[in-house]
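Analysis of the macromolecular model
What follows is each chain in one-letter form.
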Amino acid sequence: MEGKMSWTVADAVDYKGFPADRSKTGGWVPAAFILGIEIIERLSTIGIAVNLVTYLMGIMHLPSSTSANIVTDFMGTSFLLCLLGGFLADSFLGRYKTIGIFAAIQTLGTATLAISTKLPQLRPPPCHATPSSCKQATGFQMGILYLALYLIALGTGGLKSSISGFGTDQFDEKDEKEKSQMAFFFNRFFFFISFGTLAAVTVLVYIQDKVSRSWAYGICSVSMVIAILIFISGTKRYRFKKSLGSPIVHIFQVIVAAIRKRKMELPHNVGSLYEDTPESSRIEHTDQFRFLDKAAIVAEGDFEKNLSGYTPSPWKLCSLTRIEEVKMMLRLLPVWATTIIFWTTYAQMITFSVEQASTMQRNIGSFQIPAGSLTVFFVAAILITLAVNDRLIMPLWKKWNGKQGFTNLQRIAIGLILSTFGMVAAFLCERKRLSVAKGVSGNQATLPISVFILIPQFFLVGSGEAFIYTGQLDFFITQSPKGMKTMSTGLFLTTLSLGFFVSSFLVSVVKKLTETKDRQGWLADNINKGRLDLFYALLTILSFINFVAFVVCAIWYKPKKPKPSLQMEQVNGSLPEERC
C-alpha cells in the first residue's frame, strides 16, 4: 500500500477524478502548457493598451484626456475582474474550466476589436484640411469598441485569476524534486511574461502602426486559439485540486456573525470563545479589532442539525482562528492603500507618455519608431533591474549584513522612491518639450526634439515596478493566513486596478478645475497647448506624500512571525499562490 501511495498525489486527482498518478500527471511540461496562455494574454492585453491612446486620438478623433481615461479604465477593469474570476474558480468552476472559458472570451474580444478596426462603418471618416473638420466617433462606433475592450478585460481578469494557481497545482510541495521544479517555474514566471510584454510593445505595436491594426488584433486572436488548443491537449496530464471555497465568503461570514452578536458582551476569558481548529493550525489571539471576536461567542441557535450531527452555522458562529485570519487581512490594508499611487504613475507610461512620444522625433536612420514602442524601455528596465538585483545587489546585500536581500517592505519603499523620481524626470522632460513647442511656428506635427529624452521616466518607473511588484506579491502572500493567500493576492491586484481608476479620476478633476472658456487647461486636446508638466508635478507631490504615509504604515505594521518549521514552506509558497 505504501509503495502504491508513493506514486499518487494525496490532494490531487486526474481528469477522470481518480487519484493523480505522479508519473503520468503534473510536472514542468503541463505547467508550460498553462504558462503559454498567460504569455499570449500578456501579448494581447499590453499590446492593445500601450498603443490604444494613439488609435483613440488619431482614428476615433477623441480628446486627449478622454483617450487616456478610456485606456486606464480598460486596464483597471481588467485587474478588478480578477476578483470575479477568482471567486468563480474557487466556488463553482475550478481553475481548469475558468481558464478555458475566459481564454475563449478574450479571443472573442480581440476578434471583435479586429473587426471594429477593419470596417470603415465602425470608425469616423478621416480628417480633411483642418483639425476642426474632424468628426468624433459616434455612440454606435464607440459602443462596438467598448464591447471589444471589455470582453478582453473580462477574459483577462478570468485568466489572471487562475493561471498561476493552476500552474502550482501541477507540483507536489511534499516531494523534494517537484518542490524544486515549482520554484524554477515561478522564478521564471515573471521573466517569461515580461518577454510577452516585450513582444507586445515591439512587434505587435509595429504591426499596428505599419501594417494594420486589424491584422495585429487578428494575430492576437489566432495566437490565443492556438494557446487554448495546446492547453486542452494537456488535459490528461493535468492535476486537479479540490476547491476549498472562496476566502471572500469566509470574510463576510465573520463580519455578518459579529454584526448579529454586536449587542452581546465578550467574555473576559478568551478560552470561552468558540474554537474548532486543530491545535497545530491555530493562530494566536490578538486584541486588535476585538469587535470581530463576538463572532466566536456561542449562542442559542448557532448549531444546525444534519446527517453527521450538530454543526455550527458559518454565518452565525466562527472559530477564533477564522476571526484571526480576517484580522490579519485587515492589518494589511494600510500598506495596501499606500501602494495604489504607484500604479497611478505607471498608468501615465501607457497614456500621456505615449502621447508625448507621438509629437517628437522618433527616427533611427530611415526607421521611425512607433510611439507605443517607446514602452520597450519600460520593459527593458524591468528585465535589467530583475537581473541586476538577482546577480549583483542580493549577493552584495547578503555579504554585507547576512540577509538574502531586501525585505518585502523595503522593496516596496524602493519602488515608491523610484516612481517619484520618475515623475520628476517626466516633469523636467515635458518642460523641455513644451519650450521647444513654443518656439515652433504653426501646427508642426513633429517637434525638433528627440524622443529619447523620455527614457529616464520610462526607466525609473520600470525599475520601480520590478521592485514594487515582487515586494507587494511577497508581502501580501507571506503576511496573510495560509487559507487566504488567494484572497491576499487578489488584494494585491486591486492596487493595480485602483491605481488606474485613480488616474482616470485625477485626469477628470484636473481637466475640470483647470479648464476655462478661454483655454483648455493643463490637459488640452493638443498637448502642445496644455501644461502636462504641471500634471506630472502634481503626481510628484502626491507620490512623495504617499511615500511618507507608507513609511509610517510600515513602521506601524507588525510582521507575521511564522513558526520555524513553516518558514521554508512560506518562502516556497509565496509565488505559487500568485493569481496573476
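Note that the coordinates shown come from a computational prediction; the quantities given were computed from them, not determined experimentally. As a convention, each chain's residues are numbered from 1 in the sequence order in which they are written. Totals for whole chains, interfaces and linings use all residues, but because this is a predicted model, local features are given only for residues with pLDDT of at least 70 and pairs of side-chain atoms are given and counted only at 80 or more. Remark: hydrogens and water are excluded; side-chain values derive from all non-hydrogen atoms of the structure.

All right, on to helix α16 (residues 455-478) then. An ideal rise of 1.5 Å per residue puts 34 Å on 24 residues; α16 measures up with 34 Å between its terminal C-alpha atoms. Burial here depends on accessible area, computed with a 1.4 Å probe over protein chains only, as a share of the maximum for the residue type. Under 20% is buried, over 50% is exposed, and the range in between is partly exposed. We count a stretch as a helix when DSSP gives it H or I for four or more residues in a row; a strand needs E for two or more, and each element gets its number in order from the N terminus. Of all 24 residues in α16, 19 are buried, a share of seventy percent or more. By definition here, a helix of n residues has an expected span of 1.5 Å times n minus one.

Bringing the confidence of the model for the protein chain into the picture now. For the protein chain, mean pLDDT is 84; residues scoring 70 or higher make up 90% of the total. Here pLDDT means the predictor's own confidence in every residue, given as a number from 0 to 100. The least confident element of the protein chain is helix α19 (residues 564-573), whose mean pLDDT is 38; the most confident is helix α18 (residues 532-556), at 94. In this description, contact between two residues means that some pair of their heavy atoms is separated by no more than 4.5 Å. Confidence drops under a pLDDT of 50 for residues 1-5, and excluding neighbours within four residues, the segment shows zero contacts in the predicted structure. The model gives residues 562-580 a pLDDT under 50, and that stretch makes 50 contacts with residues more than four places away or in other chains.

So, on to the nonpolar core. Counting residues in each nonpolar core, the largest one holds 118 residues, and the members touching the most others are Ile-37 and Phe-535. Per-element accounting of this core gives the leading share, 13 residues, to helix α2 (residues 28-58). Those residues within four positions of Ile-37 in sequence are excluded, and the remaining contacts are Ile-99, Ala-103, Leu-159, Ile-163, Met-224, Ala-227, Ile-228 and Phe-231. Residues belong to a common nonpolar core when they are buried Ala, Val, Leu, Ile, Met, Phe, Trp, Tyr or Cys residues joined through side-chain atoms within 4.5 Å. Counting 14 residues, the second-largest nonpolar core is a separate cluster that includes Val-254, Ala-257, Leu-273 and Ala-295.

Further remarks concern the environment of Lys-261. Along the chain, Lys-261 turns up in the loop between α9 (247-260) and β3 (303-306). Between the C-alpha atom of Lys-261 and that of Ile-297, which follows or precedes it by 36 residues, the distance is 7.9 Å. The contact partners of Lys-261, leaving out residues within four places of it in the chain, are Lys-294, Ala-295, Ile-297, Ala-299, Asp-302, Lys-316 and Leu-317.

This part covers empty space enclosed by the protein. The pocket and cavity definitions rest on a 1 Å grid over protein atoms only: a 1.4 Å probe that fits but cannot leave marks a cavity, an open set with protein on both sides within 12 Å along at least five of seven lines marks a pocket, and residues lining either have an atom within 4 Å of a point. Grid points are joined across faces, edges and corners, and a volume is the space filled by probe spheres set on the points. For the structure on display, the rule yields two cavities of 30 Å³ or more. Approximately 290 Å³ is the volume attributed to the largest cavity. Along the walls of the largest cavity sit 25 residues, with Arg-42, Ile-46, Thr-197, Tyr-346 and Glu-465 positioned nearest its centre. Every element with two or more residues in the lining of the largest cavity is listed here: α2, α3 (64-93), α7 (176-210), α12 (340-349), α14 (376-401), α16 and α17 (485-514).

This part covers unusual backbone geometry. For His-61, which is not glycine, the phi torsion reads 60 degrees and is therefore positive. Topologically, His-61 is positioned in the loop between α2 and α3. In this structure His-61 comes out as buried when scored by relative accessible area, which is 11%. Positive phi outside glycine occurs at Phe-289, with the angle close to 50 degrees. With respect to the helices and strands, the residue Phe-289 is situated in the loop between α9 and β3.

What follows is about the pattern of salt bridges. What makes a salt bridge here is a side-chain nitrogen of Lys or Arg within 4 Å of a carboxyl oxygen of Asp or Glu, nothing more. Across all of its chains, the model carries 14 salt bridges by this definition. With its nearest N and O atoms 3.0 Å apart, the salt bridge here joins Asp-293 to Lys-327. Residue Asp-293 is found in the loop between α9 and β3, and its partner Lys-327 is found in helix α10 (residues 320-331); the two are separated by 34 residues along the sequence. The pair Asp-293 / Lys-327 is uniform in exposure class, with both members buried. One salt bridge connects Glu-515 with Lys-511, and the closest N-O pair in it is separated by 3.1 Å. Accessibility expressed as a relative area gives 37% for Glu-515, which makes it partly exposed.

Now for the packing of α2 against helix α8 (residues 213-233). Every angle, taken between N-to-C directions, lies between 0 and 180 degrees, and every axis is a line fitted to C-alpha atoms, over only the stretch in contact when it is a helix. At a minimum axis distance of 8 Å, the contact between α2 and α8 shows a crossing angle of 165 degrees. As far as their axial angle goes, α8 and α2 are roughly antiparallel. The two elements α2 and α8 meet at a crossing, and its hand is left-handed. Together, Phe-33, Ile-34, Gly-36, Ile-37, Ile-40, Glu-41, Ser-44, Ile-48, Asn-51, Thr-54 and Tyr-55 of α2 and Arg-213, Tyr-217, Cys-220, Ser-223, Met-224, Ala-227, Ile-228, Ile-230, Phe-231 and Ser-233 of α8 make up the contact between the two elements. A per-class count over the contact of α2 with α8 returns 13 nonpolar, six polar and two charged. Orientation labels follow simple angle bins: below 35 degrees gives roughly parallel, above 145 gives roughly antiparallel, 65 to 115 gives roughly perpendicular, and whatever is left gives oblique. We call a crossing left-handed when the near helix sits turned anticlockwise from the far one by less than a right angle, and right-handed when that turn is clockwise. Under the convention adopted here, Pro, Cys and the residues Ala, Val, Leu, Ile, Met, Phe, Trp and Tyr are nonpolar, Asp, Glu, Lys and Arg are charged, and Gly plus all remaining residues are polar.

Here we take up α10. Here α10 is twelve residues long and its end C-alpha atoms lie 16 Å apart, about the 16 Å a rise of 1.5 Å per residue gives. Most of α10 sits out of view: ten of its twelve residues are buried. Inspection of α10 places Leu-320, Thr-321, Ile-323, Glu-324, Glu-325, Val-326, Lys-327, Met-328, Met-329 and Arg-331 among the buried residues, and these make up the whole buried set.

All right, on to the packing of α14 against α16 then. For the pair α14 and α16, interaxial distance at closest approach is 7 Å and the crossing angle is 50 degrees. Considering the angle they form, α14 stands oblique to α16. Every pair of crossing elements has a handedness; the one defined by α14 and α16 is right-handed. Residue-level inspection shows Phe-377, Phe-378, Ala-381, Ile-382, Ile-384, Thr-385, Leu-386, Asn-389 and Ile-393 of α14 in contact with α16, the latter providing Ile-455, Phe-458, Phe-459, Val-461, Gly-462, Ser-463, Glu-465, Ala-466, Phe-467 and Thr-470. Among the residues forming the contact of α14 with α16, the class breakdown is 13 nonpolar, five polar and one charged.

Now for the packing of aromatic side chains. Each pair of aromatic rings is reported with the distance of its centres and the angle of its planes. Centres within 6.5 Å are what make two rings of Phe, Tyr or Trp a pair, Trp counting through its six-membered ring; a difference in plane orientation under 30 degrees is then read as stacked, over 60 as edge-to-face, and the rest as tilted. If you walk through the whole model with that rule in mind, you get 25 aromatic pairs. Ring geometry for Tyr-238 versus Phe-240: centroids 6.5 Å apart, planes at 85 degrees, classification edge-to-face. Just as Tyr-238 is buried, Phe-240 falls in that class too. Grouped by ring-pair contacts, the aromatic residues Phe-79, Phe-342, Trp-343, Tyr-346, Phe-378 and Phe-500 constitute a single cluster.

Turning to the pairing of strand β1 (residues 8-13), a few remarks are in order. Here β1 runs beside strand β2 (residues 19-21); their pairing, made up of three bridges, is antiparallel. Opposite Thr-8, over in β2, you have Asp-21 as the bridge partner. A loop of five residues connects β1 with β2, the two strands running antiparallel in sequence, and Gly-17 in this loop sits at a positive phi of about 95 degrees. Between any two strands, pairing holds if DSSP finds at least two bridges.

What follows is about the side chain of Lys-261. The class of Lys-261 is buried, set by a relative accessible area of 4%. Separated by 2.8 Å, the side chain of Lys-261 and the backbone oxygen of Lys-316 make a polar contact. We call two N or O atoms a polar contact when they sit within 3.5 Å, provided that within protein one can donate a hydrogen and the other can accept it, with sequence-adjacent residues counted only if both atoms are side-chain atoms.

Inspection of the secondary structure assignment puts Thr-494 in helix α17. Sequence spacing of Thr-494 and Leu-83 is 411 residues, and the spatial spacing of their C-alpha atoms is 8.3 Å. Residues within four places of Thr-494 in sequence aside, it is in contact with Leu-83 and Trp-336.

Attention shifts here to the side chain of Thr-385. Here Thr-385 shows up in helix α14. According to the relative accessible area criterion, Thr-385 is buried, its value standing at 11%. Reaching out from Thr-385, the side chain makes a polar contact with the backbone oxygen of Ala-381 at a distance of 2.6 Å. In this view, Thr-385 contacts Ser-463, Ala-466 and Phe-467; residues no more than four positions away in its chain are not counted.

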